[in-house]
Amino acid sequence: MLKIKKHISSFFLLWLTVVTISIGVAILLASLLGEFLYNRNGMSYSASNDGFLGDILSLIILIGLFMGLGQWIVISTKIKKAYNWILATLVGFSVGSFFSFIIFSIVGEMLPIPNKHYIIIELIQMMGSLMGAGMFTGACQWVSLKRKLAHSLKWSLVSGLSFVIGILPMFFVQGYTVNYPIVRVISIIVSVGLVAIISGYFAEPLIIHPKIETFTQQETAI
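Residues numbered from 1 in each chain as written. Predicted model: local features only at pLDDT ≥ 70, side-chain atom pairs only at ≥ 80, totals over all residues. Heavy atoms only, no water.

A. Representation of the overall build of the protein chain in the model. The number of helices and strands found in the protein chain is eight helices and zero strands. Secondary structure elements in the protein chain, listed N-terminal to C-terminal, are α-α-α-α-α-α-α-α. Per-residue burial over the protein chain gives 39% buried out of 222 residues. With the model as given, the accessible surface of the protein chain reaches about 13500 Å², and the carbon-plus-sulfur share is 72%. (Helix = DSSP H or I, 4+ residues; strand = E, 2+ residues; numbered from the N terminus. Buried < 20%, exposed > 50% of the residue type's maximum accessible area, 1.4 Å probe, protein only. Areas by Shrake-Rupley, 256 points an atom, 1.4 Å probe, with all protein chains shown as cover.)

Structure follows, in structure tokens:
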């Protein structure tokens, strides 16, 4: 309990607030941008032109951009000149999402699971893709602070797990969102909040005060 209280600091509260708002704004703008792009692509509606691809690309790019911006705002209160964090998050989340989706789509097709249990395959694909995207993003963020990639594992895992756990509320209520839009709104708020809570709880001890830096300073002093 004492350790939990120790990490609930002003930094954590600022992270929770700013990152939640940032990702929320990204989701809102992604919906508008996806619709804007679809209305101006000059093509009639079809199975291959239903706006889904534009929506997904808009969502990935804007979440990467706004999440990176929000996290940087908080981190800059402790670490100066960390501008590369924004680009690292944008590139890391976009590239990580793309390759993770391809990899786990292939894995999902190879799993010996009957088609009638497609929801299990869908869950594995989604969680695997988000875990991969989050871990790649965390690694890019770590390197952007001019730290060794070999020491990025903990933060990468936290970043990946925050997305995996955060998406679960949206996944399990997706069947109710068509008839009950309020359920979709609430699930998005809960999901975004979980991402911010999990990543924010570990951000200060892992990013701002990592043990590897403490060890390095002690070795230098000796």
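Text resumes after the structure shown.
B. Structural detail: the side chain of S156. Note that S156 resides in helix α6 (residues 153-172). A polar side-chain atom of S156 sits 3.4 Å from the main-chain carbonyl oxygen of M135. Other than its neighbours up to four places away in sequence, S156 contacts G134, M135, G138 and A139. (Polar contact = N/O pair within 3.5 Å; in protein donor to acceptor, adjacent residues only side chain to side chain. Contact = heavy atoms within 4.5 Å.)

C. Region of interest: helix α2 (residues 10-39). With 30 residues, α2 should reach 44 Å at 1.5 Å per residue; the first-to-last C-alpha distance of 44 Å fits that figure. Of the residues making up α2, those classed as buried are F11, F12, W15, V18, V19, S22, I23, A26, I27, A30 and G34. (Expected span 1.5 Å × (residues − 1).)

D. Layout of the packing of helix α4 (residues 84-110) against helix α5 (residues 118-144). At a minimum axis distance of 7 Å, the contact between α4 and α5 shows a crossing angle of 150°. With respect to α5, the axis of α4 lies roughly antiparallel. When you trace α4 past α5, the crossing you get is right-handed. Taken together, the residues of the contact of α4 with α5 sort by class into 11 nonpolar, 15 polar and one charged. (Axes fitted to C-alpha atoms, helices over the stretch in contact; angles between N-to-C directions. Parallel < 35°, antiparallel > 145°, perpendicular 65-115°, else oblique. Left-handed = near helix turned anticlockwise from the far one by under 90°. Nonpolar A, V, L, I, M, F, W, Y, C, P; charged D, E, K, R; others polar.)

E. Region of the structure containing α4. With 27 residues, α4 should cover 39 Å at 1.5 Å per step; its first-to-last C-alpha distance of 38 Å lies within 8% of that length. Taken as a whole, α4 has its buried residues at W85, I86, A88, T89, G92, F93, G96, S97, S100, S105 and G108. Taken together, the buried residues of α4 touch α3 (52-75), α5, α6 and α7 (181-208).

F. Molecular detail of the packing of aromatic side chains. Going through the model one piece at a time under the given rule, you end up with seven aromatic pairs. Measuring from ring centre to ring centre gives 5.0 Å for Y201 and F202, while their planes differ by 90°; the resulting arrangement is edge-to-face. For F202, a relative accessible area of 34% gives the class partly exposed. Among the aromatic residues, ring-to-ring pairing joins F11, W15, W85 and W155 into one connected group. Looking at R147, its charged tip hangs above the ring of W142, at a distance of 5.2 Å from the centre. (Phe/Tyr/Trp six-rings, centres within 6.5 Å; stacked < 30°, edge-to-face > 60°. Lys NZ or Arg CZ within 6 Å of the ring centre and 35° of its normal.)

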